[in-house]
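These are the residues of each chain, in order.
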Amino acid sequence: MKKTFTLFFAALFLTAAGFTACSDDKPEPPGPGPEKPVAGENEYGYDGQIEKIQSVYVLSNDSETAVLLSPQAGLKTYQEFLADGVKYLHFQVDNSLTGKTVDLKSASANYMVDNRTGLAASELTRFDQTSWSSELSEGSFRIAVGEKEAEVSFAFTLLSGNVFQGKYKGAYATESKPVATDSYSFDGTKAELKSVLVMTLGNMIYMYMSPQEGLLTQGDFSSSDNYLLLGIDQSMTGRDIDVTAVDDGWAFYNMTALGRDALETLDPFTWEDVVSAGMMRLDLTEDSATALFTFTTLDGGKIFSGNCTGDYVAPLGDNSYSFDGETVDLKSAFYLEQAGMKYLYLSPEEGLTTLDQFADSNNYLLIAIDPSLEGERVDVMTATDYFAFYNMSKLGASELVAVDLDTDLPALLSSGELSLLVTTSRAQATFSFTLLSGKVFEGSYSGPYAKKEISDDAVIYLDGEEKQINAAFYEETANGVAFYFTPAAIESAVELEDVIYYVRLYVSNQLLNQEEVDIETTNRPFEFTYVNNMTGETVMIENGDTQGASGYFSVMELDPGSYLVDFDMEGIGDHMIAGFYEGDFMVYDTTIPNQYGLAGETPTPIRSALIDKSDPARYALYFCSREGVASVEAMEAADPVICYLTPSLFTGNPIGFSFAPDDVSIVYEGVTYDRNSTTGDNPLANGGNVAATLNGTTATVDFNVYFINRYEATLSGHYSGEVVVVE
């Protein structure tokens, strides 16, 4: 600047002294040019370029206010502002900043400004309270929103020295909470959303939506590969979220065919590669959730949008349960999949990480469900698929012990609900039971859980999901050996028909040498079978008929009953299956032995069985280890196990101790276990049941007494065969 003024005064001096160049034809230096126009009322401008503000939209909630200004007329919805080619300026500010002039340098709360007007595009894009100084030297703004009018004024001095400024006072458009139509669309093509699942995991609320009917659980949605998933932090529900401005706490996935090429994964880290603008929202009530979303994709500015409503189970508390005015915190969780069921153990005791620790504590809750119920709000009064809830804790044990299909629930409860959802790292459970007395036993848990660690010596992979092999069986034949593997913790091959899935590998004796066998080229006999009892799917391949599958297996015998088995195959139907197991196998035997015993101890064989029908109101079933016992007197002298059951309950279904003592009870080592002795302040055990059928002189009986305190173990027994009948 000094140099400019020096040269100017030097020129004046030379002219005055008569030292002029031969320039009679040279024009005089130009004077100052006309001033550039400045934005006036309801305008914004930059470097002389002025745009009239013709559309204004306001979004507001309890914590933030957003205002969008556009030079395009007739814009009335948020989606219209986000349409491809629309110019706009977006302010989003903490409500504490509204109604006052905010200096960018000293703002006391959060704000964000996003410039999509096209003016100053190379100098001013988007800034907030932490990044403004990278684009501006100074600036201020004021936003005030009334019931009918909005006032906006701003002046931002860019690093180039130019000023971007504007002001508006007038009416604005806004929208009330959207009415869900349960549909979504892309580029004008619309599809209905027919299945919805809403769940809470940690601080996040997730809504699964699918155009496919009949999806009930998280597993259903994930395996369908045909769903939308919207996730929002609980603290952000009930507000519009600008996905280009909020850098945490949200995600959106499109796994459907509609628009997937343009938008599949959208999150705070990837949105710039997928959309130019977008908004999503989730509104919650006590029992429902409504989602709204609209995105302008980079694929030609095509719009992906939709909204949907689904049932929502609100968490009842922060990892606690209560009864009759007393509340207890839940501090430990353990998850187990066994015999085709899902089990979640919860305890008020801290630091429990194994199943044995939970059992030894004698102070826990247990929720068990059939996988078909996962993620569902289960009405225990009407449900027909298997569920169970057991209160093995000290709170309320005298009034509520068991809620399951074996319990006469109308005699215990007026209503009841439970839910369970488990992911790879977290579990969410809720339960609420209203007793006939009016007292309520309820609670919830959302958090991490312990589980049995997976051993490298016993692992199976199904479509990339890793699980522990908890049961392995072998079956020797004349020409080879068949191996059975399952993640379920079962004790008998009979239970394979109840697990979620298992695999079977049969190899000829010539292949028990750890040779790596290519299944596509070998001419040696082998079979590989995948069985899923939940879906009914069975896939079998064999040498010469691999049905397009590829992979290998190898087997080596280590000792009698001990093998090393390694396999890795793909194309087993639609599945990839791999596994490794080194160690001892259980014998594959589908017969159930007639025996009884305490868990962890050698079982006692049942060699004599008798049914006493002399009391027509209650039959007595006797079992003992002596052979040839044929009278009640001899049985009573043989230290028997006795199961008492009302004749009408010989249905084959488990009859639990929630029934009256005259209906069902078990006597073991002279102690009677029934409803009276397994409830109250000092229960002898945690419940039990008897399942029996009688056809002439043939009976089939299964009985259990759960966790007998005296032995710290569960008593179980089975008998199927001829019985002596005493009338």
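Preceding block: the structure.
Cut-offs and rules
Residues numbered from 1 in each chain as written. Predicted model: local features only at pLDDT ≥ 70, side-chain atom pairs only at ≥ 80, totals over all residues. Heavy atoms only, no water. Helix = DSSP H or I, 4+ residues; strand = E, 2+ residues; numbered from the N terminus. Rg over C-alpha atoms; globule rule 2.2 N^0.38 Å. Buried < 20%, exposed > 50% of the residue type's maximum accessible area, 1.4 Å probe, protein only. Contact = heavy atoms within 4.5 Å. Areas by Shrake-Rupley, 256 points an atom, 1.4 Å probe, with all protein chains shown as cover. Lys, Arg positive; Asp, Glu negative; His and termini not counted. Charge placed at Lys NZ, Arg CZ, Asp CG, Glu CD. Phe/Tyr/Trp six-rings, centres within 6.5 Å; stacked < 30°, edge-to-face > 60°. Lys NZ or Arg CZ within 6 Å of the ring centre and 35° of its normal. Core = buried A, V, L, I, M, F, W, Y, C linked by side-chain atoms within 4.5 Å. Disulfide = S-S within 2.5 Å. Pairing = 2+ DSSP bridges. Salt bridge = Lys/Arg side-chain N within 4 Å of Asp/Glu carboxyl O. Polar contact = N/O pair within 3.5 Å; in protein donor to acceptor, adjacent residues only side chain to side chain.

## Side note on the overall build of the chain
At step 1: Helix and strand content of the chain: five helices and 57 strands.
At step 2: Its C-alpha atoms give the chain a radius of gyration of 37 Å, more than 25% over the compact-globule value 27 Å for 727 residues.
At step 3: With respect to the three principal axes, the spread of C-alpha positions in the chain is 145 × 70 × 45 Å.
At step 4: Taking all 727 residues of the chain together, the buried fraction comes to 48%.
At step 5: Partitioning the intrachain contacts of the chain with sequence separation of at least 6 by distance along the chain shows that 51% fall at a separation of at least 24.
At step 6: Carbon and sulfur atoms make up 46% of the accessible area of the chain, which totals about 34100 Å².
At step 7: Side chains of the chain give 39 positive and 109 negative charges; the mean places of these two sets differ by 13 Å.

## Points about the packing of aromatic side chains
At step 1: A complete count under the given rule lists 50 aromatic pairs for this structure.
At step 2: When the ring of Tyr184 is compared with that of Phe304, the centres are 5.8 Å apart and the planes differ by 45°; the resulting orientation is tilted. Taken as a pair, Tyr184 in strand 12 (residues 183-186) and Phe304 in strand 22 (residues 303-311) lie far apart in primary sequence, 120 residues in all. Like Tyr184, the residue Phe304 is buried in the burial classification.
At step 3: Here the aromatic cluster, defined as three or more aromatic residues joined through ring pairs, consists of Tyr44, Tyr46, Phe91, Tyr111, Phe127, Phe141, Phe154, Phe156 and Phe164.
At step 4: Above the face of the Tyr644 ring, Arg618 is positioned so that its terminal group lies 4.1 Å from the ring centre.

## Quick notes on the nonpolar core
At step 1: One finds Phe483, Phe485 and Phe553 to be the most contacted residues of the largest nonpolar core, which totals 33 residues.
At step 2: The greatest single-element share of this core, amounting to five residues, is contributed by strand 43 (residues 562-572).
At step 3: Beyond its immediate sequence surroundings of up to four residues, Phe553 is in contact with Leu505, Val507, Leu511, Glu515, Glu516, Val517, Ile519, Phe526, Asp566, Phe567 and Met569.

## Notes on the state of the cysteines
At step 1: Scanning the model with the defined rule gives zero disulfides in all.
At step 2: Counting only cysteine sulfurs, Cys624 is the nearest neighbor of Cys643, a cysteine outside any disulfide, at a range of 13 Å.

## Comments concerning the sheet that holds strand 37 (residues 480-486)
Hydrogen bonds along the backbone pair up the strands of a sheet, which may run parallel or antiparallel.
At step 1: If you walk across this open sheet you meet the six strands as 41-40-38-37-36-45, and the pairing is mixed. In this open sheet, the two strands that pair with only one neighbour each are strand 41 (537-542) and strand 45 (586-587).

## Let's talk about the pattern of salt bridges
At step 1: In total, this model carries 14 salt bridges according to the counting rule given.
At step 2: The partner of Glu374 in a salt bridge is Lys342, and the shortest N-O contact between them spans 3.8 Å. On the criterion of sequence distance, the pair formed by Glu374 in the loop between strand 27 (365-369) and strand 28 (378-379) and Lys342 in strand 26 (residues 341-347) is long-range, its members being 32 residues apart. As far as the burial class goes, Glu374 and Lys342 line up, both buried.

## Considerations on the pairing of strand 29 (residues 387-391)
At step 1: Counting buried residues in strand 29 gives five out of five residues, a clear majority hidden from the surface.
At step 2: A two-sided burial pattern is seen for strand 29, the buried positions comprising Phe387, Phe389 and Asn391 on one face and Ala388 and Tyr390 on the other.
At step 3: Pairing geometry for strand 27 and strand 29, over five bridges, is antiparallel. Across the sheet, the residue bridging to Ile367 is Phe389, located in strand 29.
At step 4: As judged from the three bridges shared by strand 29 and strand 30 (residues 402-404), these two strands associate in the antiparallel manner. Looking across to strand 30, one finds that Phe389 is bridged to Val403.

## What to know about the sheet that holds strand 55 (residues 698-708)
At step 1: Taken in spatial order, the six strands line up as 47-46-56-55-54-51 in an open sheet, and their pairing is antiparallel. At either end of the open sheet lies a strand with only one pairing partner, and these are strand 47 (604-605) and strand 51 (655-656).

## Digging into the environment of Ser322
At step 1: Within the secondary structure, Ser322 is located in strand 23 (residues 320-323).
At step 2: A C-alpha to C-alpha distance of 46 Å links Ser322 and Ala277, two positions 45 residues apart in sequence.
At step 3: Not counting the four nearest positions on each side in its chain, Ser322 is found in contact with Thr327, Leu395, Val440, Phe441 and Glu442.

## What about the side chain of Thr486?
At step 1: Here Thr486 is to be found in strand 37.
At step 2: Contacts of Thr486, omitting those with residues within four sequence positions, involve Gln468, Ile469, Asn470, Ala471, Leu496, Val499, Tyr501 and Tyr502.

## Observations regarding the side chain of Thr646
At step 1: Mapped onto the elements of the fold, Thr646 is located in the loop between strand 50 (641-645) and strand 51.
At step 2: Looking at Thr646, its side chain comes within polar contact range of the main-chain oxygen of Asp662, at 3.5 Å.
At step 3: In this view, Thr646 contacts Ala617, Asp662 and Asp663; residues no more than four positions away in its chain are not counted.

## Some remarks on unusual backbone geometry
At step 1: Even without being a glycine, Asp47 presents a positive backbone phi close to 50°.
At step 2: Mapped onto the secondary structure, Asp47 falls in the loop between strand 1 (43-46) and strand 2 (49-52).

## Details of the environment of Tyr206
At step 1: Tracing the chain through its elements places Tyr206 in strand 15 (residues 204-210).
At step 2: Residue classification places Tyr206 among the partly exposed positions, given a relative accessible area of 23%.
At step 3: Put simply, Tyr206 and Leu282 are 76 residues apart on the chain and 9.5 Å apart in space, counted from C-alpha to C-alpha.

## Structural notes on the pairing of strand 56 (residues 713-722)
At step 1: Where strand 46 (residues 595-598) meets strand 56, four bridges bridge the pair, whose relative direction is antiparallel. What sits directly across from Gly597, in strand 56, is Ser716.
At step 2: Relative to strand 56, strand 55 runs antiparallel, the two being bridged by nine bridges. Along strand 56, the bridge assignment pairs Phe703 with Gly717.
At step 3: Count of turn residues in the strand 55/strand 56 antiparallel hairpin: four residues, of which Glu712 carries a positive phi of about 55°.

## Quick notes on the environment of Leu336
At step 1: Turning to its location among the elements, Leu336 is positioned in strand 25 (residues 332-338).
At step 2: Since its relative accessible area comes to 14%, Leu336 is described here as buried.
At step 3: Distance from Leu336 to Asn203, taken between C-alpha atoms, is 24 Å for residues 133 residues apart in sequence.
At step 4: Leave out the neighbours within four places in its chain, and Leu336 touches Met341, Lys342, Tyr343 and Leu355.

Distances and angles like these do not, on their own, reveal function.
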